[in-house]
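Coordinates in review
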Amino acid sequence: MGKKCPEYVSELNDYLDGTLDEGLCSEIEKHLGTCANCRIMVDTMRMTVTLCRDGKPEPMPDALSARLNGLLKTRWEQKFGKPQP
Ligand SMILES: [Zn+2]
């Protein structure tokens, strides 16, 4: 039995930092090969990490920015529900 997605999410930070141990790393990579959800999550996190590390005020391309915002909004709403008007 493999782990469920939420169990991976907490390890993705370490994975992106490169501090996760080898066994877990290959486990995650294997999971990413089969799970589009987690792949999107990693891409999003990786992008955020890169942006933070660069610390450049360069704006993101509009299309990418809109896509990312839409994705984050959707995830947020799935997790916490839609904001009340
Ligand atoms: Zn997953």
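Further up the page is the structure itself.
Read on for an overview of the structure. (Residues numbered from 1 in each chain as written. Predicted model: local features only at pLDDT ≥ 70, side-chain atom pairs only at ≥ 80, totals over all residues. Heavy atoms only, no water.)

What follows concerns the overall build of the chain. Check the secondary structure of the chain and you find four helices and zero strands. In the chain, of all internal contacts separated by at least 6 residues, the share reaching a separation of at least 24 is 48%. A total of about 6700 Å² of accessible surface is found on the chain, and carbon and sulfur atoms cover 57% of it. (Helix = DSSP H or I, 4+ residues; strand = E, 2+ residues; numbered from the N terminus. Contact = heavy atoms within 4.5 Å. Areas by Shrake-Rupley, 256 points an atom, 1.4 Å probe, with all protein chains shown as cover.)

Surrounding the zinc ion are the protein donor atoms Cys5 (SG), His31 (NE2), Cys35 (SG) and Cys38 (SG), at 2.0 to 2.4 Å. Coordination geometry of the zinc ion: the four donor atoms subtend angles of 102 to 118 degrees at the metal centre, consistent with an arrangement described as tetrahedral. Ordering the donors of the zinc ion by residue number gives the pattern C-x25-H-x3-C-x2-C. Across this residue pair, the class does not change: Cys35 and Cys38 are buried. (Donors = N, O, S within 2.8 Å, 3.2 Å for Na, K, Ca; no water. Tetrahedral: all angles 85-135°; square planar, octahedral: opposite > 155°, others 65-115°. Buried < 20%, exposed > 50% of the residue type's maximum accessible area, 1.4 Å probe, protein only.)

Structurally, Glu11 is set in helix H1 (residues 5-17). A relative accessible area of 14% means that Glu11 is categorised as buried. Once residues within four sequence positions are removed from consideration, Glu11 is found in contact with Lys3, Leu20, Leu24 and Ile28.

This part covers the environment of Glu27. Summarising the element assignment, Glu27 is placed in helix H2 (residues 22-34). Residues Glu27 and Lys3, spaced 24 residues apart in sequence, show a C-alpha to C-alpha distance of 9.5 Å. Apart from residues no more than four positions distant in its own chain, Glu27 is found in contact with Lys3 and Tyr8.

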